[in-house]
Amino acid sequence: MKKDFLRIICFSALVLLSLQSFAQEKDRKDSRPPFDKEEFVTKRNAYLIEKIGLTEEEVATFIPLENELMNKKFEVGRECHKLERELRKKENKADAEFDKLLKCREEVKEKRDKLDKEYLDKFKKLLSAEKIIKYQSADRAFFEEFFQNRNR
């Protein structure tokens, strides 16, 4: 009788521990670590420098300019991202809210395209066309890799 009671207690303890472990694992999957912009920029800059094959002189002039472009693009999209987060949280969503988000996205795309054109002209003064093409490819590749790893 004592052995059966002891077995039941041990079994119950194991079940409770495994449930707790399962709950913690689920929490870890649901909550990603907070975005560290400084770490992101550091990794991105290192990746670009390596993939483009920049000289020290090019690094000194190109990277600050490229970071400036990235910050401006981020700022342009900030309001649109805020609208999107708010809309995602709402339960009853009106068509007008989706229309507003679509219009915002269109405006952001236009502004970012304008920034790309403006900075491309600046980049041409610093880098060869070949390195600019490498930059554009490396930039896309970095974002794809970064967000694939972040979503895992």
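If you tally the helices and strands in the chain, you get 5 helices and 0 strands. Each helix (α) and strand (β) of the chain, taken in turn from the N terminus, gives the series α-α-α-α-α. When the 152 residues of the chain are sorted by exposure, 22% land in the buried category. When contacts within the chain are restricted to residue pairs at least 6 apart in sequence, long-range pairs at least 24 apart make up 74% of them. Approximately 12100 Å² of the chain is accessible, and the part contributed by carbon and sulfur atoms is 57%.

On to the pattern of salt bridges, then. Under the definition given, this model contains 15 salt bridges. A salt bridge links Arg44 to Glu66; the shortest N-O distance between them is 2.7 Å. Of the two residues, Arg44 is situated in helix 2 (residues 37-52) and Glu66 in helix 3 (residues 56-89); the sequence distance between them amounts to 22 residues. With respect to burial, Arg44 and Glu66 carry one shared label: buried. For Lys122, the salt bridge is made with Glu118, and the minimal N-O distance between the two is 3.6 Å.

In this section: helix 2. Relative to the 22 Å expected for 16 residues at 1.5 Å per residue, helix 2 spans 22 Å between its end C-alpha atoms, a close match to the ideal helical length. Structurally, helix 2 contributes buried residues whose contacts are with helix 3 and helix 5 (129-150). N-cap assignment for helix 2: the residue whose side-chain oxygen lies 3.2 Å from the backbone N of Glu38 is Asp36. Once helix 2 ends, the next one or two residues include Gly53, with phi positive near 80 degrees.

Definitions and limits used
Residues numbered from 1 in each chain as written. Predicted model: local features only at pLDDT ≥ 70, side-chain atom pairs only at ≥ 80, totals over all residues. Heavy atoms only, no water. Helix = DSSP H or I, 4+ residues; strand = E, 2+ residues; numbered from the N terminus. Buried < 20%, exposed > 50% of the residue type's maximum accessible area, 1.4 Å probe, protein only. Contact = heavy atoms within 4.5 Å. Areas by Shrake-Rupley, 256 points an atom, 1.4 Å probe, with all protein chains shown as cover. Salt bridge = Lys/Arg side-chain N within 4 Å of Asp/Glu carboxyl O. Expected span 1.5 Å × (residues − 1). Polar contact = N/O pair within 3.5 Å; in protein donor to acceptor, adjacent residues only side chain to side chain.

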